[in-house]
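Listed here are the chains, written in short residue letters.
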Amino acid sequence: MRVPGLCAECGTGGAARYRCPRCGTAYCSVPCCRTHRERCQPRQERDTPAGQEPPAAPPSGPWSLEDILGEEDEQDRVPLQKLKLLGESQELRDLLLNPHLRQLLLTLDQAQDKSSLLRKLMQEPLFVEFADCCLGIVEPPEKENVLPE
């Protein structure tokens, strides 16, 4: 995981945990994101030599998955088909009925330091059960070499 650097908007050191998916600029908060978004120039437009037209934006929208994921993140990318399996899992739906698990997930989503909170949550048996269920769906365990009877 990357160490947060300098925020390009407010200059706060060690706080830039987020990157603009359009241009890659680092920022630290929602207000800095909004400020940056007002004057953001997508990477393609910035790098285009004067007098040349930038390539047209893809029809699917201003940001693509490739803009969001860096090369180092690509190995952790889960294919969309496998992500859809999460929504189809009855076991996962049953786990998500638990109000305590839902509160843990909300707390994680809203946390500033997600990685340290995630380490703490991995000590919580209910959260570990949830994580194992998710991983079992997107990365099913390989069947051992068992001979048929």
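Sequence positions are assigned chain by chain, starting from 1 and proceeding in written order. Residues qualify for local features only when their pLDDT is at least 70, as the model is predicted, and side-chain atom pairs are given and counted only at 80 or more; totals for whole chains, interfaces and linings, by contrast, use all residues. Each side-chain value is worked out from all heavy atoms of the structure, with water and hydrogens disregarded.

Caption draft 1: A look at a negative patch on the surface. Two joining distances apply to patches: 9 Å for like charges and 5 Å for nonpolar side chains (Val, Leu, Ile, Met, Phe, Trp, Tyr), and every residue must have over 30% relative accessible area and no salt bridge. With residues, only the protein chains shown are counted as cover, and all accessible areas are computed by Shrake-Rupley using a 1.4 Å probe. Between Lys or Arg on one side and Asp or Glu on the other, a salt bridge is scored when a side-chain nitrogen of the former is within 4 Å of a carboxyl oxygen of the latter. Note that His is not counted, nor are the chain ends; the positive residues are Lys and Arg, and the negative ones are Asp and Glu. We put the charge of a Lys on NZ, of an Arg on CZ, of an Asp on CG and of a Glu on CD. On the surface, Glu91, Asp94, Glu129 and Asp132 cluster together into a negatively charged patch. Breaking the negative patch down by element, the ones donating at least two residues are α6 (90-96) and α9 (125-138). Burial classification: accessible surface area is computed with a 1.4 Å probe over protein chains only, and a residue below 20% of its type maximum counts as buried, one above 50% as exposed, and the rest as partly exposed. Residue Glu129 is classed as partly exposed on the basis of its relative accessible area of 43%. Numbering of helices and strands runs from the N terminus, with a helix taken as a DSSP run of H or I at least four residues long and a strand as a DSSP run of E at least two residues long.

Caption draft 2: Up close: the UniProt feature "domain: HIT-type" (unreviewed entry) in the protein. The positions UniProt marks with the feature "domain: HIT-type" (unreviewed entry) are residues 7-40. Secondary structure within residues 7-40 divides into 29% helix and 12% strand; the distance between the first and last C-alpha atoms comes to 14 Å. UniProt positions are given in the numbering used here, feature names are shortened, and annotations may be inferred rather than shown by experiment.

Caption draft 3: Highlighting the packing of helix α7 (residues 99-110) against α9. Every angle, taken between N-to-C directions, lies between 0 and 180 degrees, and every axis is a line fitted to C-alpha atoms, over only the stretch in contact when it is a helix. At a minimum axis separation of 10 Å, α7 and α9 run at an interaxial angle of 80 degrees. Judged by the inter-axis angle, α7 sits roughly perpendicular to α9. Along its contact with α7, which presents His100, Leu101, Leu104, Leu105 and Leu108, the element α9 presents Leu126, Phe127 and Phe130. Among the residues making up the contact of α7 with α9, the classes are represented as seven nonpolar, one polar and no charged. Roughly parallel covers angles under 35 degrees, roughly antiparallel covers those over 145, roughly perpendicular covers 65 to 115, and oblique covers all other angles. Contacts are assigned to residue pairs that have any heavy atoms within 4.5 Å of one another. The nonpolar class holds Ala, Val, Leu, Ile, Met, Phe, Trp, Tyr, Cys and Pro. Asp, Glu, Lys and Arg form the charged class, and all remaining residues, Gly among them, are polar.

Caption draft 4: Main features of the packing of aromatic side chains. Pairing of aromatic side chains here covers Phe, Tyr and the six-membered ring of Trp, requires ring centres within 6.5 Å, and sorts the geometry by plane angle: under 30 degrees stacked, over 60 edge-to-face, intermediate tilted. What the rule picks out here adds up to one aromatic pair. Note on Phe127 and Phe130: the rings are 5.9 Å apart at their centroids and 50 degrees apart in plane angle, and the pair reads as tilted. Taken as a pair, Phe127 and Phe130 lie in helix α9 at a separation of three residues, close to a single helical turn. An identical accessibility class is assigned to Phe127 and Phe130; each is buried.

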